[in-house]
Amino acid sequence: MKKFIMYGAGNIGRGFIGQLFSQSGYSVGFIDINKEVIGRLNSDKEYPVDIVTSEGVETDIVKNVYGIDGTDVELVATEIAESDIMATAIGVNVLKFIAKPIAMGLKKRFENNAKPFNIIICENLIGADHFLKGLIKEQIPEYADRIDKEIGFVEASIGRMVPVMTEEKKQGNPLRVCVEPYNILPVDKDAFKGEIPEIKNLYPFAPFNLFIQRKLFMHNMSHALCAYLGYQRNYEYIYQAVADYDIKYVALNALCQSALAVAKENGVELEGLISHAQNLLYRFTNVALADTVARVGKDTIRKLGSNDRLIGAINLADKHGVSCEYLCLGVALGMRFAPEGDESSKEVCAFAKENGAKKTLEKYCAYTGRMTDLICEFYDMSVAGKSVEELIKHCETVVGKEIRV
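Parameters at a glance
Residues numbered from 1 in each chain as written. Predicted model: local features only at pLDDT ≥ 70, side-chain atom pairs only at ≥ 80, totals over all residues. Heavy atoms only, no water. Helix = DSSP H or I, 4+ residues; strand = E, 2+ residues; numbered from the N terminus. Rg over C-alpha atoms; globule rule 2.2 N^0.38 Å. Buried < 20%, exposed > 50% of the residue type's maximum accessible area, 1.4 Å probe, protein only. Contact = heavy atoms within 4.5 Å. Areas by Shrake-Rupley, 256 points an atom, 1.4 Å probe, with all protein chains shown as cover. Lys, Arg positive; Asp, Glu negative; His and termini not counted. Charge placed at Lys NZ, Arg CZ, Asp CG, Glu CD. Arc of directions from axis to C-beta. Polar contact = N/O pair within 3.5 Å; in protein donor to acceptor, adjacent residues only side chain to side chain. Pairing = 2+ DSSP bridges. Axes fitted to C-alpha atoms, helices over the stretch in contact; angles between N-to-C directions. Phe/Tyr/Trp six-rings, centres within 6.5 Å; stacked < 30°, edge-to-face > 60°. Core = buried A, V, L, I, M, F, W, Y, C linked by side-chain atoms within 4.5 Å. Salt bridge = Lys/Arg side-chain N within 4 Å of Asp/Glu carboxyl O.

Before going further, it helps to spend a moment on the overall build of the chain. If you tally the helices and strands in the chain, you get 19 helices and 11 strands. Its C-alpha radius of gyration of 22 Å places the chain within 12% of the 22 Å reference for a compact globule of 405 residues. Taking all 405 residues of the chain together, the buried fraction comes to 54%. The contacts of the chain with a sequence gap of at least 6 include a subset with a gap of at least 24, amounting to 71%. Accessible surface for the chain amounts to roughly 17500 Å². Of this, 49% is attributable to carbon and sulfur atoms. Here the chain contributes 47 positively and 54 negatively charged side chains, and the mean placements of these two sets differ by 1 Å.

Have a look at this one:
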């Protein structure tokens, strides 16, 4: 049986990537530092994935799995050296800590003259392939040429939504994961070294920039936007926010504006992106996911960053002369997002309150572009007590006054 190593036994690792490889006939080893999870993987050799919809639950039992203690670096390296393919879903900030064990595993492979090897990178970061490759090269610079020639750093676009697993959802099993039905895994076709493995629902595509931008500037953007508008209307869950037709209206318009920018950037037809936008809004209504407004909007220092979901979409729209008023409304309300326990968002909110939207755009978003005045206008209106409905009406007025052929 072929061996797949999954660095990260979290919700995406177990609830998506590991599941697909298990269903494709691989033995799946999960590397993690969570002793409870690793222990149960080794004792149970399987775990449940609950595929949830508003209509009910279907459970899939993922088999042929085991755990690898992430603190045992020698064991981790050996497992990587002996595997056929691996992936990471560990979190961008943790990549620097796993570069050394991966490098040690690759070094063992090189010493045994192993065949080409691929690492599927399931992280929310544009350029994650170059970032991880650079970290690994720093660990074993003597193998830099072989890394370039024999190791594929394959970016993936993770679209499956997996909510935070509460104790109630786990039902007494720390391995249980709840997921939505969507399970397509687009990957960068051109990044593979050697043959592309036959994996269930793996979708190799090139050029892959389309899927990177679609995920960040459509999926992540609209998710965050719904959270920021939902917060203003005191909704707890994303499905409640999307059920509000004012919020759905803003999200759909923002998606259309972003989709047009993505289409122009990548030279593709708009039809497929609009269909994806409609599918996203439907998926966000999944009551069973119970994804909270606070979680989805959390950490606006990152999510309002210069190349992240909202500002990144505005920058792309700026580049191609695409209207982006509804995106601007999302940014303005993002500056007012400050739920309890979210220190990052509270920092942005407090700075904006003290210094105004323009300086906040400069400090946290590195944005000084053509939409600055409109974002500031939306922000000031919101601070002055204007309702979401009034902000939407103003947005419609701005859009309607644009003169087009």
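The subject of this paragraph is helix H2 (residues 35–44). Those residues of H2 that sit buried are Val37, Ile38 and Leu41. The buried residues of H2 occupy an angular sector of 100° when the element is viewed end-on, so they sit on one face. Turned more than 90 degrees off the buried face of H2, the exposed positions are Lys35, Glu36 and Ser43. Its side-chain oxygen placed 3.1 Å from the backbone nitrogen of glutamate 36, asparagine 34 serves as the N-cap of H2.

Turning next to the sheet that holds strand S4 (residues 56–63). Taken together, three strands build an open sheet; the order of strands is S4-S3-S9 and the sheet is mixed. Two strands bound the open sheet, and with one partner strand each, they are S4 and strand S9 (177–179). On average, each strand axis in the sheet is inclined to that of its neighbour by 30°, with strand direction left out of account. Note: strand S3 (residues 46–53) against S4, eight bridges, orientation antiparallel. Residue pairing in the sheet places threonine 53 in a bridge with glycine 56 of S4.

Now for the packing of aromatic side chains. In this structure the tally under the stated criterion is 13 aromatic pairs. Judged by centre distance (5.9 Å) and plane angle (70°), the ring pair of phenylalanine 30 and tyrosine 47 falls under edge-to-face. Pair noted here: phenylalanine 30 is in strand S2 (residues 27–32) and tyrosine 47 is in strand S3, with a separation of 17 residues, a long-range link. Here the two residues phenylalanine 30 and tyrosine 47 agree in accessibility, since each one is buried. An angle of 25° between the planes, with centres 5.1 Å apart, marks the rings of phenylalanine 110 and tyrosine 143 as stacked. Of this pair, phenylalanine 110 sits in helix H4 (residues 95–111) while tyrosine 143 sits in the loop between helix H5 (128–139) and helix H6 (144–150), placing them 33 residues apart in sequence. Note on accessibility: phenylalanine 110 and tyrosine 143 belong to one class, buried.

Here we take up the nonpolar core. With 73 residues, the main nonpolar core has Ile314, Met335 and Ile375 as its most contacted residues. Among the elements that line this core, the one with the most residues is helix H8 (residues 209–232), at 11 residues. Grouped together as the second largest cluster of nonpolar side chains are 36 residues, Ala9, Phe30, Ala191 and Leu202 included.

Take the side chain of asparagine 286 next. When you line up the elements, asparagine 286 lands in the loop between helix H11 (270–283) and helix H12 (293–297). If sequence neighbours within four positions are ignored, asparagine 286 has contacts with Val52, Thr53, Ser54, Glu180, Pro181 and Tyr239.

Here we take up the sheet that holds strand S1 (residues 3–7). The strand order S5-S2-S1-S6-S7-S8 describes an open sheet built from six strands, whose pairing is parallel. Every interior strand has two partners, whereas the edge strands, strand S5 (65–69) and strand S8 (151–155), have only one. The mean inter-strand angle of the sheet, taken between neighbouring strand axes irrespective of direction, is 20°. Looking at chain direction, S2 and S5 are connected through five bridges and run parallel. Among the inter-strand pairings, isoleucine 31 is bridged to a residue of S5, identified as isoleucine 68. On the sheet, H4 packs against S1, strand S6 (85–88), strand S7 (117–121) and S8 and is oriented at approximately 170° with respect to S6. Where H5 meets the sheet, it contacts S6, S7 and S8, and its direction lies at approximately 145° from that of S8.

With respect to the secondary-structure elements, threonine 368 resides in the loop between helix H17 (357–365) and helix H18 (372–383). Accessibility expressed as a relative area gives 64% for threonine 368, which makes it exposed. Along the backbone, threonine 368 and lysine 358 are 10 residues apart, and their C-alpha atoms lie at a distance of 8.1 Å.

Moving on, we come to the pattern of salt bridges. Under the definition given, this model contains 20 salt bridges. Residue lysine 319 pairs with glutamate 265 through a salt bridge whose shortest N-O separation is 2.9 Å. A residue pair is termed long-range when its members are at least 10 positions apart, and lysine 319 in helix H14 (residues 309–320) and glutamate 265 in helix H10 (residues 245–266) qualify at 54 residues. Take lysine 319: its relative accessible area is 56%, and that puts it in the exposed class. Classification of glutamate 265 as partly exposed rests on a relative accessible area of 25%.

Bringing the environment of serine 22 into the picture now. The topology assignment puts serine 22 in helix H1 (residues 11–23). Each C-alpha atom, one on serine 22 and one on methionine 86, is 13 Å from the other, the two residues being 64 residues apart in sequence. Setting aside residues no more than four positions away along its own chain, serine 22 makes contact with Val28, Val62 and Lys63.

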